[in-house]
Number of protein chains: 2
Amino acid sequence: MERPTVLLLLLAFLTPGAAIRVPPAMKALSSLRWSNSFTSRGTVAKKYSIHYIQQKVNHFGFDADKTFKQRYLIADEHWKKNGGSILFYTGNEGDITWFCNNTGFMWDVAAQLKAMLVFAEHRYYGESLPFGNKSFTDSRHLDFLTSEQALADFAVLIKHLKKTIPGAKNQPVIAIGGSYGGMLAAWFRMKYPHIVVGALAASAPIWHFGNLVPCGVFMEIVTKDFKRSGPNCSETIRSSWDAINRFARTGAGLRWLSENLDLCTALTNTQDVQHLKAWISETWINLAMVDYPYESDFLQPLPAWPIKVVCQYLKNPSVSDAQLLQNIFQALNVYYNYSGQASCLNISETTTSSLGTQGWSYQACTEMVMPFCTNGIDDMFEPHSWNLREFSEDCFKQWGVRPRPAWIITMYGGKNISSHTNIIFSNGELDPWSGGGVTKDITDTLVAITIPEGAHHLDLRARNAFDPTTVLLARSLEVRHMKQWIRDFYANQRKKH
Amino acid sequence: MERPTVLLLLLAFLTPGAAIRVPPAMKALSSLRWSNSFTSRGTVAKKYSIHYIQQKVNHFGFDADKTFKQRYLIADEHWKKNGGSILFYTGNEGDITWFCNNTGFMWDVAAQLKAMLVFAEHRYYGESLPFGNKSFTDSRHLDFLTSEQALADFAVLIKHLKKTIPGAKNQPVIAIGGSYGGMLAAWFRMKYPHIVVGALAASAPIWHFGNLVPCGVFMEIVTKDFKRSGPNCSETIRSSWDAINRFARTGAGLRWLSENLDLCTALTNTQDVQHLKAWISETWINLAMVDYPYESDFLQPLPAWPIKVVCQYLKNPSVSDAQLLQNIFQALNVYYNYSGQASCLNISETTTSSLGTQGWSYQACTEMVMPFCTNGIDDMFEPHSWNLREFSEDCFKQWGVRPRPAWIITMYGGKNISSHTNIIFSNGELDPWSGGGVTKDITDTLVAITIPEGAHHLDLRARNAFDPTTVLLARSLEVRHMKQWIRDFYANQRKKH
């Protein structure tokens, strides 16, 4: 469950012909212990209470009147009933306690906004399973896993909180989320402006659908990150694919690769090699997402500016294939073995079916259809085109459903969103997801904040001594907007009375 | 199918213990020939083409990927590809051809707005049946009859039109609807502002939910209409209930009632008497809705200002019971026998199960839960309180579903809608539905237009020589707003290029 938002989004592109298989890399990610990330840095351990609310399994139909328990967390240490506010985390595809512990920004601003913090778990993730352990058995049980149902859960939950927590009723609520959660925050404000006064949508690629942005933009940004982090770095990676392909032609070559890359399980056929390349590609992608300016363990324990560290091993694309791939191995080890604990690199094992993984795979096969492509020229990857038909076939095989790629744009407006108000779209320029994000102001109240030195929603992380000035500025702008929304809310309330 | 929006909304209140039964009056209404209404007044016969679009049965789930044919009508005689617009009727609970023929306003303004007219049929009504003749067999087949699904149909349809009709792509679309269709028009703009630039919501009781307005407001307005239309008129009606009750105590009394009211089927028991009173109440309600200033046949063929005509028979509440009820009979005949063709009045027969009737009964039992009540003091009816529990039981017996009375407010915002823009709420002050409508401006762009001499969406009807000045003024204001939205749309488009 403890995995980044974004990995599965890429599968369709990275493992052609097995578009929605869970890649081996997932396994490694899911075994991390995230809860240490904050306490180990000496910040105050997070104190929250755990709650449950009965939600309708289907908000949009009345036949099956079943309910399920949605989990949510509350932290009200700094909350003031008088003039306070409610910051509402729109949970995305994972265990909510992990998001709670990894969204330090909310904890950092709670006091100045006199805010109650609420973290709401997304249905079908963590403990919030509509049909318990049967939730993923078939498409019938998965039929209620959509963004619309999730937003309805949030709306019902907030109305419940306002009704049941004394003092909460007449307070402004602000939606906050990152990545898919950032999309949910923005969409929540768009669809339920009567429930939240504004939204902070961090690293939310709301335009990574249909042909709103070129399908290659994501991998181009990944490539740029490597290009800027060391001489010849992206070129070396670009050269590596052919080197692997040349080795893969013979049994001896496969053995050499397996040994020299220290793989836990030896490669035996072409498909294994495809998986190896997909797994390596994902490593570069993940590094681009978590290229933070300080030691961190968001996806893996990593040094500060990890791509720079990686690129120290990738300075020369013109060496022999063997040398090149040994360098690649060194680079991979920065990501997979920074702690020095790994005895081998595991790519062949299929991942345990964690709920989060399954859930997102289904969502990517239905509503969240994000096209990705590469051409090997503007990016450092092997060329792959986006093939919706193939993707649809794979989805049907895996889940018995077919994607509806146009639906999200019909539902949430695509680029035509200027009539909405009070949404901050923040993006780090290092983050490959910024390519599908809103990076220019749309109106005075639909604003874009870009963070040149920022990777994936750096602004939502806890404050850190090594934070670059640009993220400090971004956070202070975000707080300024939120304070304005809160002031406007109370001013309107006074006007009414 | 040819029946007004509103009748079934009242059943819960009017026939306690049989809340969702279809009242006998439906039968009479459904046999009218509406298509004559326009041609008989000498206006040009409506020319439109009939089309169908394949819609997903479930926009909010991916398990059953079934589709159905939604019907829509297009009239493009006055449409201009250059600088034109699209007026989109958000069809409500009935056959769309009837709404098309009864919304003369759209036809009257088409030329000056260079507008294409589109009339979209609401799913589960008319020919747009998701499961054909099985659509109403059980709650499983009815599971996709919700306002959310209907709005999604509209959104998908408009995107389809823009894609397939040359010249439509870059044109502004305005949603127009009356009654439930008015609610849909307003909600459509709220939820899909990227698809429609504004909405004209005529006689839309979007606040007739929960406790947003007092449950008695509807019947108080009905009463006022009778009070103002003749001396002692409402008092006479108020007295009639006890007169009926006194007759109903004996077999002889029941016989007398059956004969003197000219009922097609004799009353035999207490339940029949309840139905009689419910049927009479509905007659007064219907008269309040269609109290138009000219001869019309919206619900029945009627004289101009029909309540005034009715009240000529209801001037004295203090006569004998027999005299009083004979006067009531005369009054009822204005409504049921203006044409002089009826040989008896039919209240005991259950109505043919027209689709429209079934559909709205289901909707009233799920999302569209509108509380009604009377106290016999502020209104001219027998006292009935609003009993949600009883209503819920009746719904469960009838449809196997239970109402969720809070949901519509959670979904569409209740009174907290000020962040939306470009919606006109028009209401006639004679219309009982105005009690649940928006009758004061909320912001500069969420405006209320009231028509003192107007009954139920008089403004949407075709222009007429006897139109009072206030409805002419209302229509010209409506057109002015729509022109502004169209201008804004084109100005924004120019700015982009």
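Cut-offs used in this document
Residues numbered from 1 in each chain as written. Chains lettered and ligands numbered in written order. Predicted model: local features only at pLDDT ≥ 70, side-chain atom pairs only at ≥ 80, totals over all residues. Heavy atoms only, no water. Helix = DSSP H or I, 4+ residues; strand = E, 2+ residues; numbered from the N terminus. Buried < 20%, exposed > 50% of the residue type's maximum accessible area, 1.4 Å probe, protein only. Contact = heavy atoms within 4.5 Å. Axes fitted to C-alpha atoms, helices over the stretch in contact; angles between N-to-C directions. Parallel < 35°, antiparallel > 145°, perpendicular 65-115°, else oblique. Left-handed = near helix turned anticlockwise from the far one by under 90°. Core = buried A, V, L, I, M, F, W, Y, C linked by side-chain atoms within 4.5 Å. Least-squares fit on C-alpha atoms with pLDDT ≥ 70 in both. Pairing = 2+ DSSP bridges. pLDDT = per-residue confidence, 0-100. Expected span 1.5 Å × (residues − 1). Arc of directions from axis to C-beta. Buried area = accessible area lost by both parts, 1.4 Å probe. Salt bridge = Lys/Arg side-chain N within 4 Å of Asp/Glu carboxyl O. Polar contact = N/O pair within 3.5 Å; in protein donor to acceptor, adjacent residues only side chain to side chain. Phe/Tyr/Trp six-rings, centres within 6.5 Å; stacked < 30°, edge-to-face > 60°. Lys, Arg positive; Asp, Glu negative; His and termini not counted.

**Student:** Tell me about the overall build of chain A, and name the residues and values.
**Tutor:** Looking only at helices and strands, one finds 17 helices and eight strands in chain A. Buried residues in chain A amount to 62% of all 497 residues. Counted over contacts in chain A with a minimum sequence separation of 6, partners at least 24 positions apart contribute 73%.

**Student:** Lay out the packing of helix α9 (residues 233-247) of chain B against helix α11 (residues 270-289) of chain B with the relevant residues and their values.
**Tutor:** Residues and elements named next belong to chain B. One can describe the packing of α9 onto α11 by two numbers: an axis separation of 11 Å at closest approach and a directional angle of 165°. With respect to α11, the axis of α9 lies roughly antiparallel. Here the hand of the crossing between α9 and α11 comes out right-handed. Of α11, the residues touching α9 (which contributes Ile237, Trp241, Ile244 and Asn245) are Val273, Leu276, Lys277, Ile280, Ser281 and Trp284.

**Student:** So what's going on with the nonpolar core? Residues and values would help.
**Tutor:** Counting residues in each nonpolar core, the largest one holds 320 residues, and the members touching the most others are Trp187(A), Phe226(A), Trp284(A), Trp187(B), Phe226(B) and Trp284(B). The contact partners of Trp284(B), leaving out residues within four places of it in the chain, are Val222(B), Phe226(B), Ile237(B), Trp241(B), Val310(B), Leu314(B), Ile328(B), Ala331(B), Leu332(B), Met380(B) and Phe381(B).

**Student:** So what's going on with the relation of the copies chain B and chain A? Residues and values would help.
**Tutor:** Turning chain B through 180° and shifting it by 0.0 Å along the axis lays it on chain A, with an RMSD of 0.0 Å. Taken together, the rotation and translation describe the operation of a two-fold axis. In terms of proximity to the rotation axis, the leading residue of chain B is Lys191(B), whose C-alpha is 2.9 Å off the axis. The fraction of interface residues of chain B whose copies in chain A are also interface residues reaches 100%, indicating that both copies meet through the same surface.

**Student:** Describe the sheet that holds strand β6 (residues 198-202) of chain B, naming the residues involved and giving the relevant values.
**Tutor:** Residues and elements named next belong to chain B. Taken together, the eight strands give an open sheet; going across it, the order is β1-β2-β4-β3-β5-β6-β7-β8, and neighbouring strands pair in mixed fashion. Strands with a single pairing partner mark the edges of an open sheet, and in this sheet they are β1 (49-56) and β8 (446-451). Averaged over all pairs of adjacent strands, the angle between their axes in this sheet comes to 20°, without regard to strand direction. In this structure, strand β5 (residues 173-178) lies alongside β6, joined through five bridges in parallel fashion. Each bridged residue has a counterpart across the sheet, and for Ala175 the counterpart in β6 is Ala199. Against the sheet, helix α6 (residues 147-164) contacts β1, β2 (67-75), β3 (85-90), β4 (115-120) and β5, and its axis sits at roughly 60° relative to β2. In the packing of helix α17 (residues 469-496) onto the sheet, contacts are made with β3, β5, β6, β7 (423-428) and β8, and the angle to β8 comes to roughly 160°.

**Student:** Break down the confidence of the model for chain A for me, with residues and values.
**Tutor:** Residues and elements named next belong to chain A. On average, residues of chain A score 89 in pLDDT, and 89% of them reach the 70 mark or higher. Between residues 1-43, whose pLDDT stays under 50, and residues either more than four places distant or in other chains, the model counts 132 contacts. Considering only residues more than four positions removed or in separate chains, one finds that residues 349-355, a stretch of pLDDT under 50, has 18 contacts. Here the complex is predicted with pTM 0.92, and the ipTM for its interfaces comes to 0.90.

**Student:** Can you lay out the pairing of β2(B) for me, pointing to particular residues and giving the numbers?
**Tutor:** Residues and elements named next belong to chain B. In terms of burial, β2 is largely enclosed, as seven of its nine residues are buried. Relative to β2, β1 runs antiparallel, the two sharing eight bridges. Bridge pairing in β2 links Gln55 to Phe68.

**Student:** Describe in detail helix α15 (residues 388-399) of chain A, supporting the description with residues and values.
**Tutor:** All names here are of chain A. With 12 residues, α15 extends 16 Å between its outermost C-alpha atoms, agreeing within 8% with the 16 Å of an ideal straight helix rising 1.5 Å per residue. Regarding α15, the residues found buried are Phe391, Ser392, Asp394, Cys395 and Trp399. The arc that holds the buried residues of α15, viewed along the axis, is 165°, so those residues lie on one side. Opposite the buried face of α15, at more than 90 degrees from it, the exposed residues are Arg389 and Lys397.

**Student:** Let's hear about the interface of chain B and chain A: which residues, and what values?
**Tutor:** Listed per partner, the contact involves 40 residues of chain B and 40 residues of chain A. Both faces considered, chain B and chain A share a buried interface measuring about 3500 Å² in area, 54% of it formed by carbon and sulfur atoms. Joining chain B to chain A, the criterion identifies two salt bridges. The partner of Asp65(A) in a salt bridge is Arg404(B), and the shortest N-O contact between them spans 3.0 Å. Counting across the chain B and chain A interface gives 19 residue pairs in polar contact (both at pLDDT 80 or more). For the side of chain B that touches chain A, the elements supplying multiple residues, two or more each, are α6, α7 (180-191) and α16 (407-412) of chain B.

**Student:** How would you sum up the packing of aromatic side chains? Please name residues and give values.
**Tutor:** Going through the model one piece at a time under the given rule, you end up with 53 aromatic pairs over all chains. Ring geometry for Trp386(B) and Phe391(B): centres 5.3 Å apart, planes at 45°, overall tilted. Connected via pairs of aromatic rings, a cluster forms that spans Tyr89(A), Trp98(A), Phe99(A), Trp107(A) and Phe119(A).

**Student:** Quick rundown of the side chain of Arg189(A)? Include the residues and the values.
**Tutor:** Within the fold, Arg189(A) resides in helix α7 (residues 180-191). At 8.7 Å, Asp488(A) is the nearest oppositely charged side chain to Arg189(A), a buried residue that forms no salt bridge. At a separation of 2.7 Å, a polar atom in the side chain of Arg189(A) contacts the main-chain carbonyl oxygen of Val196(A). When near neighbours in sequence (up to four residues on either side) are disregarded, Arg189(A) contacts Val196(A), Val197(A), Gly198(A), Ala199(A), Thr421(A), Asn422(A), Ile423(A) and Ser419(B).

**Student:** So, the environment of Trp107(B): which residues are in play, and what are the values?
**Tutor:** All names here are of chain B. Here Trp107 lies in helix α5 (residues 104-109). Classification of Trp107 by relative accessible area gives buried; the value is 17%. With 29 residues separating them along the chain, Trp107 and His78 place their C-alpha atoms 9.2 Å apart. When neighbours within four sequence positions are excluded, Trp107 is seen to be in contact with Lys46, Lys47, Tyr48, Ala75, Cys100, Leu117 and Phe119. At 3.1 Å, the side chain of Trp107 and the backbone oxygen of Cys100 are in polar contact.

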